[in-house]
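Structural features, examined
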Amino acid sequence: MFVNTTSNTHPTYGTSSVARNYQSNSANNIVAGNTASSGDSVQISGSAYKALNDSNATTSDGVKLIFDRVNSDPEFAKEMAKVYTYSRDFELVDLNDLPSLSDTSAMSAYTQHVKSFENEADKIRDQRIQIYTEMKGSGASDADIFNKIMQFNKNLPEDYQLKTGLDKYSQYLKFT
């Protein structure tokens, strides 16, 4: 899952009872290179926020921190298993490639592309939820669920992984 940051203070990621909440809107997400419906809502706990936004860390460092902490902290693993299961993937967009707002034909085609991607992302999220539900029902640990979800992501089509940034997570998967 790509950690989507629409501002420096509110990454769109995570759930927790002591979480920060961010209501996305289409304008903010388009500026950030993402698409979202106005009803999308995400939250991030203080600990996840700190781990993901260490100003000295690179994206790769942040991803490694998530994997390391999931495998050593059961509460964090519980939070991350839910986050990576229930969050919707967003397509990374190069703002230079967006069509002009005045080109209605191109904007219509782009809007259709966005809807198509959202449908694909919803189906993939449904598959993750099925994995989560089945593993939870069989008593698997949250770290095992998180790692299984990451393995599922690694097995998604390469073009989908590249579109969403999921490809950055593959190198941290444990192969046993």
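Here is what the cut-offs are and how they apply
Residues numbered from 1 in each chain as written. Predicted model: local features only at pLDDT ≥ 70, side-chain atom pairs only at ≥ 80, totals over all residues. Heavy atoms only, no water. Helix = DSSP H or I, 4+ residues; strand = E, 2+ residues; numbered from the N terminus. pLDDT = per-residue confidence, 0-100. Contact = heavy atoms within 4.5 Å. Expected span 1.5 Å × (residues − 1). Axes fitted to C-alpha atoms, helices over the stretch in contact; angles between N-to-C directions. Parallel < 35°, antiparallel > 145°, perpendicular 65-115°, else oblique. Left-handed = near helix turned anticlockwise from the far one by under 90°.

To continue, consider the environment of E134. Following the sequence through the fold, E134 ends up in helix α5 (residues 104–137). Taking the C-alpha atoms as reference, E134 lies 9.6 Å from I145; in sequence the two are 11 residues apart.

Here we come to the confidence of the model for the protein. A residue-level look at the protein finds 61% of positions with pLDDT of 70 or above and a mean pLDDT of 75. Between the elements of the protein, mean pLDDT differs from a low of 33, seen in strand β3 (residues 19–23), to a high of 97, seen in α5. Note that pLDDT drops below 50 for residues 1–38; the model gives that stretch 107 contacts with residues more than four away or on any other chain.

All right, on to α5 then. Across its 34 residues, α5 extends 49 Å between first and last C-alpha, which sits within 8% of the 50 Å expected from 1.5 Å per residue. Buried positions along α5 lie against α4 (74–86), α6 (142–154) and α7 (158–164). Just beyond α5, the residue with positive phi is G139, at close to 85°.

Following both chains from N to C, one finds α5 and α6 inclined at 150°, their axes separated by 10 Å at the closest point. One finds that α5 runs roughly antiparallel with respect to α6. Between α5 and α6 lies a crossing whose hand is right-handed. Contact with α5, carried on its side by I124, Q127, R128, I131, Y132, M135 and K136, involves D142, D144, I145, K148, I149, F152 and N153 of α6 and no other residues of that element.

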